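Here is what each chain is made of, one letter per residue.
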Amino acid sequence: MYEHLETAENRDSLKRVVVDPVSRVEGHGKVTLLLDADNKVQQARLHIVEFRGFERFIQGRPYWELPVLVQRLCGICPVSHHLAAAKAIDQLVGIDPENLPVSADKLRRLLHFGQVLQSHALHFFHLSSPDLLFGFESDISKRSIVAVLSEYPEIGVQGVKLRKYGQEVIRMVSGKRIHGTGAIAGGMNKSLTKAERDYLLEDIDQMITWAEGSVALIKKVHCSNLPYYDDFATIRTNYLGLTKPDGALELYHGGIRAKNEHGETIMDHIDYCKYNDYIHEEVRSWTYMKFPYLLSLGQEQGWYRVGPLARVNNCDYIDTPLAEAARVEFKAHSGEAMVHSTLAFHWTRLIEVLHCAESIKQLLNDPDIMGSDLVAQGEKRYEGVGVIEAPRGTLFHHYQVDENDIVTKANLIVSTTSNNMAMNESVRQVAAEYLSGRELTEPLLNNLEVAIRAYDPCLSCATHAVGKMPLQLELVDAEGNLIDKLVKHSDGQIERNNA
Amino acid sequence: MSKTITIDGKVIPFEDGQTIMDAAMAAGVYIPHLCHQPEFTPHGSCKLCTVKVNGRNCSACTYPAMDGQEVLNETQELIDDRKRITQMLFVEGNHLCPGCEKTGNCQLQAVAYHLNMLDNHFPAFYPEREVDASHPEVMIDHNRCIFCTLCVRASHEKDGKDVFAISGRGIHKHLIVNAESGLLKDTDMAATDHAAHICPTGAILIKRTGYQVPIGERIYDHKEIDQVSLATEHLKHGE
């Protein structure tokens, strides 16, 4: 591997190149390269330079706030945090997943499928498609969704609408597209009305068709330059994720499965409440992101990848027909038990988009999502663990509360954290194999970002405002002069004031 | 002939003993307020209901209506003052609406929206305040207390208990409970008390009920506070 490039000797004598910020990812991070006189890369690191502190400041708060508080970690995949926290606080009111009311379970799954669909669509179409359609070293003016919309309008519009559909699923179930409510301890706060269900059913067939088209597109892109796509940023790793008891792909609830680079099982059907017996985290001084690893394999060998590539690699099959056919085709392309190509994250991500669209259709046709039995309650407990397959991978939430219902301890292992070591390794692979010894130019440096982007890292969060909140938007030119002003009053009236 | 006042030029009848707020609410005129509830003795502490009566600033909830008064309510000056007062209420406590379980049902938030409050304007104090979750059914989050004394009055006047009081002065003002330990669990507070349900913000809450009302069904999701206030409180003013 490329761990020898983590820390160079004689660092003071080396030339420093910084990519800051890494663009088209969620949150804020940077890459540093140290080069010798011949432009040979001696050190490459991905640094996460922001600090959040959620685990600390939710201490002292009542547990029922958790799903709403912690979802503010993120503006792209808040539903994952919302549901992982909800699964944990279910246990605080004595409800294990098998005792959750059927309607609540299905509504949460619907919410989650909507979330994974929109997040994956956002990542592929808005963030990564410019690289994949125009080339990794294309002119900077081409590297945005705007260029995609102008040169491949059909693909661009499908991406925007697929994402919008996922957001609408979220809005119907949780009240808002971003940072809604929905899941509460022991269940859900509402079911779907018939009108809401019918509204979502209207477009679902179109979404499935477009999702199929997107799988075909990425397959074509990947296979048209197979050796390059199979090698770029590629590292041979372990993989971890949840699966159903029968080994099927699972996003909402299942046991932990880990496989090694040869596809051999490291562990399977592990109860995630005992995650601490299997996974530990290491801290390094140069980044705010920790490095998780499997205890049984140790720090050096035990790191692993999570997310769509891990899930599709790990599962035995997918329980929706179109996605399963796509999975079979995907696995066949490499001929290996596990696909290690980092760029294959995109392919597997779109297979999951198809799976989500198919699953949404199944759930929308299930009358349980309009049921009224939504909340269950049992004996109070003092500790809860919620684990879910977020779009970017396995997400762990672990809380302890006192006798007054106040959170005393919290531990979150966020999906992107699990890919930390892998992203660093991929950056080093690209630095060593594609950049080392060359005169570095801006388009060349985009290769590093392409490697990071493949993981769809979520380094931070965004926020949102809706409802009757008044807003004021000002457009100011470089000299500080007000060019335009838009005011939304609390009654919803919008006023424009051209200065 | 009945006695009248004018509010922003509109002629409004009143009966002896009514305040300007009583007369306004009975006539369907909204004057912003937080510490006032028609069922309880007016307190005049939040100052949001400040109106101009014959050229002088007065609290509409405590000032008696008198024949011929010319009252100004919706002037830009008064609206600006009310917005500043609301901004001060926000920065003096820790009012973090996005995660608060009262959001959508909170009068402080709703009045801020009504007044077109766009930001805090003042630097936030970020005071260090406690959460008292000792009671099995009721929780106090002191971060969100605006010292309106509605809980004090409700406990005294409706529940006959005196669970709450305000202690300290100025910036050191704080809500206390009637127990040597200082904890709610050692008072005779019950979840069925009127005082447990009167808080206009998220300071006094029934435990384990947060977020049960879905978005779209909360009080202020589709209506502004003036509509809600006139619809729910004006009947009580007529009592």
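Residues numbered from 1 in each chain as written. Chains lettered and ligands numbered in written order. Predicted model: local features only at pLDDT ≥ 70, side-chain atom pairs only at ≥ 80, totals over all residues. Heavy atoms only, no water.

As annotated in an unreviewed UniProt entry, chain B is Hydrogen dehydrogenase from Methylobacter tundripaludum. Check the Subcellular location (unreviewed entry) section of the UniProt entry for chain B; it says "Membrane". The Sequence similarities (unreviewed entry) comment attached to chain B in UniProt states, word for word, "Belongs to the complex I 75 kDa subunit family." (UniProt positions renumbered as here; feature names shortened; annotations may be inferred.)

Labelled according to an unreviewed UniProt entry, chain A appears under the name Hydrogen dehydrogenase, originating from Methylobacter tundripaludum. What UniProt states about chain A under its Sequence similarities (unreviewed entry) heading is, verbatim, "Belongs to the [NiFe]/[NiFeSe] hydrogenase large subunit family."

Novice: Would you take a moment to explain the pattern of salt bridges for this structure?
Specialist: Think of it this way: side chains of opposite charge can pair up when their charged atoms draw near. Residues and elements named next belong to chain A. Per the stated rule, a full pass over the model turns up 43 salt bridges over all chains. The residue Asp198 makes a salt bridge to Lys194 at a minimum N-O spacing of 2.9 Å. Highlighted residues: Asp198 and Lys194, both in helix H7 (residues 194-224), separated by 4 residues, approximately one helical turn. Across the salt bridge formed by Glu281 and Lys290, the nearest N and O atoms sit 3.9 Å from each other. (Salt bridge = Lys/Arg side-chain N within 4 Å of Asp/Glu carboxyl O. Helix = DSSP H or I, 4+ residues; strand = E, 2+ residues; numbered from the N terminus.)

Novice: How do you make sense of unusual backbone geometry when you look at a structure like this?
Specialist: Residues apart from glycine generally show negative phi values, whereas peptide bonds are mostly found in trans. Of note, His179 of chain A is a non-glycine position whose phi angle comes to about 60°, a positive value. Examined against the element boundaries, His179 of chain A turns out to sit in the loop between helix H6 (153-174) and strand S4 (183-184). Not every positive phi belongs to a glycine, and Asn116 of chain B is a case in point at roughly 60°. Judged by its relative accessible area of 22%, Asn116 of chain B is partly exposed. (Buried < 20%, exposed > 50% of the residue type's maximum accessible area, 1.4 Å probe, protein only.)

Novice: Could you clarify how one ought to interpret the interface of chain B and chain A in this entry?
Specialist: Accessible area lost upon the coming together of the parts serves often as the stated size of an interface. Each side of the interface is counted separately: chain B has 28 residues, and chain A has 28 residues. Across the interface of chain B and chain A, roughly 2,300 Å² is buried in total on both sides, 60% from carbon and sulfur atoms. Taken as a group, Tyr113, Tyr211 and Ile215 of chain B account for 30% of the area that chain B buries against chain A, more than any other trio of residues on that side. The interface formed by chain B and chain A includes 4 salt bridges. The salt bridge involving Glu65 of chain A is made with Arg144 of chain B; its shortest N-O contact spans 3.2 Å. Linking chain B to chain A there are 6 residue pairs in polar contact (both at pLDDT 80 or more). For the side of chain B that touches chain A, the secondary-structure elements that each account for two or more residues are helix H3 (107-114) and strand S7 (138-141) of chain B. Residue classes in the side of chain B that touches chain A are distributed as 12 nonpolar, 8 polar and 8 charged. (Contact = heavy atoms within 4.5 Å. Buried area = accessible area lost by both parts, 1.4 Å probe. Polar contact = N/O pair within 3.5 Å; in protein donor to acceptor, adjacent residues only side chain to side chain. Nonpolar A, V, L, I, M, F, W, Y, C, P; charged D, E, K, R; others polar.)

Novice: Which parts of the structure should I look at to understand the packing of aromatic side chains?
Specialist: Two numbers describe a pair of aromatic rings. These are the distance of the centres and the angle of the planes. Residue and element names in this part refer to chain A. Summed over the entire model, instances satisfying the criterion amount to 13 aromatic pairs over all chains. Plain terms: the ring middles of Tyr63 and Trp64 are 5.3 Å apart, the flat faces sit at 80° to each other, and that makes the pair edge-to-face. As far as the burial class goes, Tyr63 and Trp64 line up, both buried. Of note, Lys87 hangs over the ring of Tyr252, and the distance from its end group to the ring centre comes to 4.7 Å. (Phe/Tyr/Trp six-rings, centres within 6.5 Å; stacked < 30°, edge-to-face > 60°. Lys NZ or Arg CZ within 6 Å of the ring centre and 35° of its normal.)

Novice: Looking at this model, I keep getting lost on the UniProt feature "binding site: Ni(2+)" (unreviewed entry) in chain A. Mind explaining?
Specialist: Residue and element names in this part refer to chain A. Here, the residues flagged by UniProt with the feature "binding site: Ni(2+)" (unreviewed entry) are Cys74, Cys77 and Cys458. Across 385 residues, the annotated set stays spatially compact, with a maximum C-alpha separation of 8.5 Å. Position of Cys77 relative to the elements: it lies in the loop between helix H2 (66-70) and helix H3 (78-92). Aside from chain neighbours lying at most four places away, what touches Cys77 is Gln115, Pro391 and Arg392. Summarising the element assignment, Cys458 is placed in the loop between helix H15 (442-454) and strand S15 (471-476). Owing to a relative accessible area of 13%, Cys458 belongs among the buried residues under this scheme.

Novice: Got a minute to help me understand the pairing of strand S2 (residues 10-14) of chain B in this structure?
Specialist: Note on strand geometry: in a regular strand, side chains alternate between the two faces of the sheet. All names here are of chain B. Two elements, strand S1 (residues 3-7) and S2, share 5 bridges in a ladder whose sense is antiparallel. Across the sheet, residue Ile7 finds its bridge partner in S2, namely Lys10. Remark: 2 residues form the turn of the hairpin made by S1 and S2, two consecutive strands paired antiparallel; Asp8 in that turn has positive phi of roughly 50°. (Pairing = 2+ DSSP bridges.)

Novice: Quick question: what am I supposed to make of the environment of Val221 of chain A here?
Specialist: Residue and element names in this part refer to chain A. Checked against the element boundaries, Val221 lands in helix H7. Put simply, Val221 and Lys164 are 57 residues apart on the chain and 24 Å apart in space, counted from C-alpha to C-alpha. Ignoring any residue separated from it by four or fewer positions in sequence, one finds Val221 in contact with Leu132 and Tyr229.

Novice: Is there a simple way to explain the environment of Val375 of chain A in this structure?
Specialist: Residue and element names in this part refer to chain A. Looking at the secondary structure, you find Val375 in the loop between helix H12 (344-364) and strand S12 (383-390). The class for Val375 is partly exposed, based on a relative accessible area of 42%. Considering only alpha carbons, one finds Val375 and Ala183, 192 residues apart in sequence, at a separation of 9.6 Å. Apart from the residues lying within four places of it in its own chain, the contact partners of Val375 are Pro101, Ile184, Ala185, Gly186, Gly187 and Met188.

Novice: Explanation requested: the UniProt feature "domain: 4Fe-4S His(Cys)3-ligated-type" (unreviewed entry) in chain B in the structure shown.
Specialist: In the numbering used here, UniProt assigns the "domain: 4Fe-4S His(Cys)3-ligated-type" (unreviewed entry) feature to residues 77-116 of chain B. In the segment residues 77-116 of chain B, helix accounts for 60% and strand for 0%; the C-alpha atoms at its two ends are 14 Å apart.

Novice: Please explain the UniProt feature "binding site: Fe cation" (unreviewed entry) in chain A as it appears in this structure.
Specialist: With numbering aligned to this structure, UniProt lists the feature "binding site: Fe cation" (unreviewed entry) at Cys77 and Cys461 of chain A. A residue is classified by how much of its surface remains accessible, and Cys77 of chain A, at 5% relative accessible area, is buried.

Novice: So what exactly am I meant to see when it comes to the nonpolar core here?
Specialist: The tendency in soluble globular proteins is for nonpolar side chains to be buried as a group. Formed by 140 residues in total, the largest nonpolar core has its most connected members in Leu33, Tyr63 and Leu448 of chain A. When neighbours within four sequence positions are excluded, Leu448 of chain A is seen to be in contact with Val19, Val31, Leu33, Val427, Val430, Ala431 and Leu435 of chain A. Counting residues in hydrophobic clusters, the runner-up holds 62 residues, among them Ala23, Cys58, Ala110 and Val228 of chain B. (Core = buried A, V, L, I, M, F, W, Y, C linked by side-chain atoms within 4.5 Å.)

Novice: For this particular structure, what's the right way to read the domain arrangement of chain B?
Specialist: Residue and element names in this part refer to chain B. The domain boundaries assigned to chain B delineate domain 1 (3-74) and domain 2 (97-222). Relative placement of domain 1 and domain 2: their C-alpha centres are 26 Å apart. Each partner contributes to the interface: domain 1 provides 12 residues, whereas domain 2 provides 17 residues. For the pair domain 1 and domain 2, the summed buried surface comes to about 1,200 Å²; carbon and sulfur atoms form 63% of the total. For domain 1, the biggest contributors to the area lost against domain 2 are Leu34, Gln37 and Phe40; these three give 48% of the whole. Counting the contacts that link domain 1 with domain 2 gives 1 salt bridge. The partner of Lys158 in a salt bridge is Glu39, with the nearest N and O atoms 3.5 Å apart. Inspection of the domain 1/domain 2 interface yields 5 residue pairs in polar contact (both at pLDDT 80 or more). Across the side of domain 1 that touches domain 2, the residue classes break down as 7 nonpolar, 4 polar and 1 charged. (Domains from an automatic or database assignment.)

Novice: Explain a nonpolar patch on the surface here, please?
Specialist: Residue and element names in this part refer to chain A. On the surface, a nonpolar cluster with roughly 190 Å² of combined accessible area is contributed by Leu149, Val157 and Val160. Within the fold, Val157 resides in helix H6. In this structure Val157 comes out as partly exposed when scored by relative accessible area, which is 37%. (Patch = residues over 30% accessible without salt bridge, like charges linked within 9 Å, V, L, I, M, F, W, Y side chains within 5 Å. Areas by Shrake-Rupley, 256 points an atom, 1.4 Å probe, with all protein chains shown as cover.)

Novice: How should the sheet that holds S7 of chain B be read in this particular structure?
Specialist: What links the strands of a sheet is backbone hydrogen bonding, and the strands pair in either a parallel or an antiparallel sense. All names here are of chain B. Spatially, S6-S7-S10 is the arrangement adopted by the 3 strands of the open sheet, whose pairing is antiparallel. In this open sheet, the two strands that pair with only one neighbour each are strand S6 (131-132) and strand S10 (204-206). Here S6 runs beside S7; their pairing, made up of 2 bridges, is antiparallel. Across the sheet, residue Val131 finds its bridge partner in S7, namely Asp141.

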